[in-house]
Amino acid sequence: MVKVSLIVPAYNVEPYLVECMESIVHQTLRDIEMICINDGSTDGTLGILKDYAARDSRIKLVDKKNGGYGIGMNIGLDMAEGEYIGIVEPDDFVPVNMFGNLYEIAKKNDLDFIKADFYRFERSNNGDMFLTYNHLSKKAQDYNRVFNPSMTPEAIRWIMNTWSGIYRREFLEKYSIRHNETPGASFQDNGFWFQTFAFAQRAMITDTPYYMNRRDNPNSSVRDPQKIYCINVEYDHIRDVLMQYPETWERFKGYYTLKRFHNALTTLRRIADDCKKEYVERFAKEMKRARDLGEMDESLFTPGERDNINLLINQTAVYYKIKALPMNNGSTSLNNNFKQVKTELDKIKRSKSYKIGKAIMFIPVRFKRFAKKIYRKINKMRKGYKKDE
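Residues numbered from 1 in each chain as written. Predicted model: local features only at pLDDT ≥ 70, side-chain atom pairs only at ≥ 80, totals over all residues. Heavy atoms only, no water.

Student: Just checking my understanding: could you explain the overall build of the protein for this structure?
Tutor: Scanning the protein for helices and strands turns up 13 helices and 10 strands. Counting over 389 residues, the protein shows a buried share of 49%. Considering only intrachain contacts with a sequence separation of at least 6, the fraction spanning at least 24 residues in the protein is 80%. On the protein, roughly 19700 Å² of surface is accessible, and the fraction owed to carbon and sulfur atoms is 52%. (Helix = DSSP H or I, 4+ residues; strand = E, 2+ residues; numbered from the N terminus. Buried < 20%, exposed > 50% of the residue type's maximum accessible area, 1.4 Å probe, protein only. Contact = heavy atoms within 4.5 Å. Areas by Shrake-Rupley, 256 points an atom, 1.4 Å probe, with all protein chains shown as cover.)

Student: Help me understand the nonpolar core, please; the structure alone is not making it clear to me.
Tutor: One broad rule of soluble globular proteins: the nonpolar side chains tend to lie buried together. Counting residues in hydrophobic clusters, the biggest one holds 101 residues, and the most contacted among them are Val4, Ile24, Ile166, Phe194 and Phe283. Excluding residues that lie within four positions of it along the chain, Val4 makes contacts with Leu29, Asp31, Ile32, Glu33, Tyr84, Gly86, Phe99, Tyr103 and Ile166. (Core = buried A, V, L, I, M, F, W, Y, C linked by side-chain atoms within 4.5 Å.)

Student: Looking at this structure, I do not really get the packing of helix H1 (residues 14–25) against helix H2 (residues 45–55). What am I missing?
Tutor: Each pair of packed helices can be summarised by the angle the axes make with each other and by the distance between the axes. It is at 9 Å that the axes of H1 and H2 come closest, and there the two elements cross at 20°. Relative to H2, the element H1 is oriented roughly parallel. Handedness of the H1/H2 crossing: right-handed. Taken together, the residues of H2 that come into contact with H1 (itself represented by Glu14, Leu17, Val18, Met21, Glu22 and Val25) are Thr45, Ile48, Leu49 and Tyr52. Its residues placed into classes, the contact of H1 with H2 shows seven nonpolar, one polar and two charged. (Axes fitted to C-alpha atoms, helices over the stretch in contact; angles between N-to-C directions. Parallel < 35°, antiparallel > 145°, perpendicular 65-115°, else oblique. Left-handed = near helix turned anticlockwise from the far one by under 90°. Nonpolar A, V, L, I, M, F, W, Y, C, P; charged D, E, K, R; others polar.)

Student: Is there a simple way to explain H1 in this structure?
Tutor: In a regular helix each residue adds 1.5 Å, so 12 residues correspond to 16 Å; H1 covers 17 Å between its end C-alpha atoms and thus fits that length. For H1, every residue scored as buried is listed here: Tyr16, Leu17, Cys20, Met21, Ser23, Ile24 and Val25. (Expected span 1.5 Å × (residues − 1).)

Student: Looking at this structure, how should I read the pairing of strand S5 (residues 113–116)?
Tutor: The two faces of the sheet receive side chains in turn, since in a regular strand these alternate between them. On S5, burial covers both faces: Phe113 and Lys115 on one face and Ile114 and Ala116 on the other are all buried. Bridge analysis of S5 against strand S8 (residues 165–168) gives three bridges, and the strand direction is antiparallel. Bridge pairing in S8 places Ile114 opposite Ile166. Of the strand pairs in this sheet, S5 and strand S9 (residues 203–206) are connected by four bridges, and their pairing is parallel. Across the sheet, the residue bridging to Phe113 is Ala203, located in S9. (Pairing = 2+ DSSP bridges.)

So, in structure tokens, the structure goes:
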């Protein structure tokens, strides 16, 4: 029986694909299958995949018209026969012991999924590799223990990726976990990642780094400035999926909005300057909707983030000037406008709407902090009683 199915969604990755394929065909775990999806590549990608498929019977090759990352990934998920499923992006690579080690841990602990720390890397022109270690969680106590992700919404704060681990296929099928089939490579991994955390009951993260994630591919989707609203569309999709499970949505909605806020900020930084004004207006409407519908937990945001959200919602035009103003005219233009913007901001802070908005966001935060203090005191008292007994 196939223990792990690896899905490799490939589109125009000829310069990197051999390194990727070499790393997976030589895995120490031999009971694997490799499902390679060629998504209408126009370079030498298909030829490389055909060559590997001819030499290794474990490789299943799908050659399809270009349709997007989500469609290709779902084809792979539907074809997979392994107990567990892993994802390897075709411009990345992995050590040969990765999937054997992760499978052993997953089986031993009966896990729905296991994720591992990883490296991001770049290569210089002379071939030197520069590595950056990435911890999924900032807390050491989160590692190497079984936990219930569906009851741990705070894990949404961890680094998001879908490829540094493996997932039990039976678990994915039970909850019909698939990728959103929007065009291109448009952040569809976000929805898959959210679903796995929202529905899994047994999982683990390990502090052994395996996966090697490339950051020097100029064609990577994370670098594409044309994908302006893709992240917004993806988070609308995530919301629609989670709201089908009211109890799950209630637990996760605050962290969902937090993640949506952070990803929108990232998008705002990377898109073209002439698109930023329109994007800020949409961003403001989305955050206002979240606040009005009770989907925003203000205590999860930093004080600075709460101030930014309040400004974004109540004074969108000023937020644009301060946070997203195009810099085409250089620092001199910015200095000339600084006093004007500061005057407007001071005026806003004295306005009634700003004070009301700040009060709305202030009260729940203080209440939650107070509740946490009471909870800690009760726990201390309980521990004291147990010691006396």
